[in-house]
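Residue-level structure breakdown
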Amino acid sequence: MKRLALVIGFTMASMAGFAQAANAIKGLWFNPEKDGKVDIYESSGKYYGKLVWMKTPFEADGKTPRKDSKNKNTSLRDRTLLNMVILTGFAFENGKWVDGEVYDPKSGKTYSSVMSLKGDKLEIRGYIGTPLFGRTAVFTRQ
């Protein structure tokens with residue numbers, strides 16, 4: 001009976017440690033240029049990031065919200081950039097967030113992606129095919 005309690009205790013402690021590590025990326029992050037801020041959150045065990053602040057949220061007229069004008073899908077070009085989900089479907093695995101996608105509104109392209117946390121720096125690697133052929137953007141915690 002004591003062994004069962006001990007096993008259950010270790011299991012619960014390791015699960016709590018896993019959840020704490022997985023949730024370490026939650027919160028607000030500046031993009032490398034510091035002209036955008038992404039809020040990373042968890043939903044149903046996956047991690048997502050929404051663009052919640054932009055240095056220039058409006059077009060030149062100062063009134064019209066900036067749109068997703070570079071999107072390859074013409075039917076999506078009318079959606080506003082602010083509050084757009086640009087990080088989707090990441091799962092925490094072996095200390096990294098994997099199997100997600102990152103949408104780059106500046107180019108209108110979506111890439112496979114993996115994320116890793118290095119202190120207060122979040123490295124987001126976007127790639128096509130394999131992570132070997134990609135680019136890493138370093139986000140900083142707000």
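Scroll up to find the structure this text is about.
Heads up: these notes are all about the structure in this document. (Residues numbered from 1 in each chain as written. Predicted model: local features only at pLDDT ≥ 70, side-chain atom pairs only at ≥ 80, totals over all residues. Heavy atoms only, no water.)

Quick notes on the packing of aromatic side chains
In this description, a pair of aromatic rings is defined by centroid distance and the angle of the planes. All chains considered together, the criterion is met by 3 aromatic pairs. Ring geometry for Phe30 against Trp53: centres 6.1 Å apart, planes inclined by 90°, an arrangement best described as edge-to-face. One end of the pair, Phe30, is in strand E1 (residues 27–30); the other, Trp53, is in strand E3 (residues 46–54), with 23 residues separating them in the sequence. Assessed through its relative accessible area of 34%, Trp53 is described here as partly exposed. The cationic tip of Lys37 hangs over the ring face of Trp53; the distance from NZ or CZ to the ring centre is 5.5 Å. Of note, Arg79 hangs over the ring of Tyr103, and the distance from its end group to the ring centre comes to 5.6 Å. (Phe/Tyr/Trp six-rings, centres within 6.5 Å; stacked < 30°, edge-to-face > 60°. Helix = DSSP H or I, 4+ residues; strand = E, 2+ residues; numbered from the N terminus. Buried < 20%, exposed > 50% of the residue type's maximum accessible area, 1.4 Å probe, protein only. Lys NZ or Arg CZ within 6 Å of the ring centre and 35° of its normal.)

Notes on unusual backbone geometry
Peptide bonds are, in most cases, trans, and in most cases residues other than glycine have a negative phi. With phi around 55°, Ser44 is a residue other than glycine that occupies positive phi space. Tracing the sequence through the fold places Ser44 in the loop between strand E2 (36–43) and E3. Located in the positive-phi region is Asp99, a residue other than glycine, with phi close to 60°.

Details of the environment of Glu42
Within the fold, Glu42 resides in strand E2. We classify Glu42 as partly exposed; its relative accessible area is 32%. Taking C-alpha positions, Glu42 is 9.6 Å from Ala91, a pair spaced 49 residues apart along the chain. In contact with Glu42, other than residues within four places in its own chain, are Asn23, Lys26 and Tyr47. Polar contacts involving the side chain of Glu42 include one to the main-chain amide nitrogen of Ser44, which spans 3.3 Å. (Contact = heavy atoms within 4.5 Å. Polar contact = N/O pair within 3.5 Å; in protein donor to acceptor, adjacent residues only side chain to side chain.)

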